[in-house]
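Structural features, examined
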Amino acid sequence: MRTLFRRPPATTAPQTLDVYDIAHLAGGPRRVVEVALVTLSERGAVTLRATRVRAVDQQARGHRVERALLALCPRGRSTAAVFAALRAAPEVEEIGSRLVAYGLVARSGRRPTATGRRSLEKARQEGVLPHYVFEGPAALPDRRVRQAVGEASTVPSGLGKRLVRMAKAVDDSGPDADHGTGGGGHAGGHHSCGGGGGGSD
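Residues numbered from 1 in each chain as written. Predicted model: local features only at pLDDT ≥ 70, side-chain atom pairs only at ≥ 80, totals over all residues. Heavy atoms only, no water.

**Notes on the nonpolar core**
Just so we agree on the cut-off: What makes a nonpolar core is a set of buried Ala, Val, Leu, Ile, Met, Phe, Trp, Tyr and Cys residues whose side-chain atoms join them at distances within 4.5 Å. For every residue, the accessible area obtained with a 1.4 Å probe (protein chains only) is divided by the maximum for its type, and the residue is called buried under 20%, exposed over 50%, and partly exposed between those limits. Each helix is a run of H or I in the DSSP string that is no shorter than four residues. Each strand is a run of E no shorter than two, and both are numbered from the N terminus. Should any heavy atoms of two residues lie within 4.5 Å, those residues are counted as being in contact.
With 47 residues, the main nonpolar core has Tyr20, Ile22, Leu37, Val65, Leu69, Leu86 and Val133 as its most contacted residues. Broken down by element, the residue count for this core peaks at 13 residues, all from helix α1 (residues 19-43). Residues in contact with Val65, not counting those within four places in the same chain, are Tyr20, Val32, Ala36, Leu86, Glu91, Val92 and Ile95.

**Some points on the sheet that holds strand β2 (residues 52-55)**
Stated precisely, the cut-off is as follows: Two strands are counted as paired when DSSP detects at least two bridges linking them.
On the basis of which strands lie adjacent, the open sheet formed by three strands has the order β1-β2-β3 and antiparallel pairing. At either end of the open sheet lies a strand with only one pairing partner, and these are β1 (46-49) and β3 (77-78). One ladder, built from two bridges, connects β2 with β3; its direction is antiparallel. Bridge pairing in β3 places Arg52 opposite Ser78.

**Examining the packing of α1 against helix α3 (residues 79-87)**
The following threshold applies: Fitted lines through C-alpha atoms give the axes, limited to the stretch in contact for helices. The angle between two N-to-C directions lies from 0 to 180 degrees. Each angle is binned into one of four classes, with values under 35 degrees roughly parallel, values over 145 roughly antiparallel, values of 65 to 115 roughly perpendicular, and all other values oblique. Each crossing gets its hand from how the near helix is turned against the far one by less than a right angle, where anticlockwise is left-handed and clockwise is right-handed. Residues are grouped as follows: Ala, Val, Leu, Ile, Met, Phe, Trp, Tyr, Cys and Pro are nonpolar; Asp, Glu, Lys and Arg are charged; every other residue, Gly included, is polar.
Interhelical geometry of α1 versus α3 gives an angle of 125 degrees and a closest axis separation of 9 Å. Classified by the interaxial angle, the pair formed by α1 and α3 is oblique. Crossing angle aside, the handedness with which α1 passes α3 is right-handed. Seen from α1, the contacting residues are Pro29, Arg30, Val33, Glu34, Ala36 and Leu37; seen from α3, they are Thr79, Phe83, Leu86 and Arg87. For the contact of α1 with α3, the residue count by class is six nonpolar, one polar and three charged.

**A short note on the packing of α3 against helix α7 (residues 143-153)**
Viewed as axis vectors pointing N to C, α3 and α7 meet at an angle of 55 degrees, and their least axial separation amounts to 8 Å. As the angle between them shows, α3 and α7 are arranged oblique. Between α3 and α7 the crossing geometry is right-handed. Counted together, Thr79, Ala80, Phe83 and Arg87 of α3 and Ala148, Val149, Ala152 and Ser153 of α7 form the full contact between these two elements. Within the contact of α3 with α7, the residues separate by chemical class into five nonpolar, two polar and one charged.

On their own, these measurements won't tell you what the molecule is for.
As structure tokens, then:
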């Protein structure tokens, strides 16, 4: 007698996906972190100075991904180290798992499904979210923020993990001043939208 194994049905996706759901569908975990950095910089909750990021307002309310980012840099830390740590954080991983359950992202390879791609296109056409959610740092109007976020997002994963360990060692050894050259910057955009889907990381 043959035993048949059937894949459990996907959970029904909600009518409205938030900005981080859409960011994940558009560019995977990397895009989620990029959007969080830009959003918090824009809100004044973090300062981005060249290659460093520092939380200014750790009590700021917001998405759990944003709160996780703020907790990573209370005294200032390498943007690349913060990027690598948040990219692998449970708050970001949970988004990907949820999108798989919704049937918007494939289990294998974590690429958007046809439904996910249609949802992303719908979100893009609605024009509610800023362009950088779909296009990444290249769409940011502020050169300083674009450079800081873009450079951090391109650090190889292995190097990023080493930067996380190095930054933690510095934190453990004493106060970490917010050094760095260049000015902080802000970029435009607000969040909330219906639908999601696109490229993954």
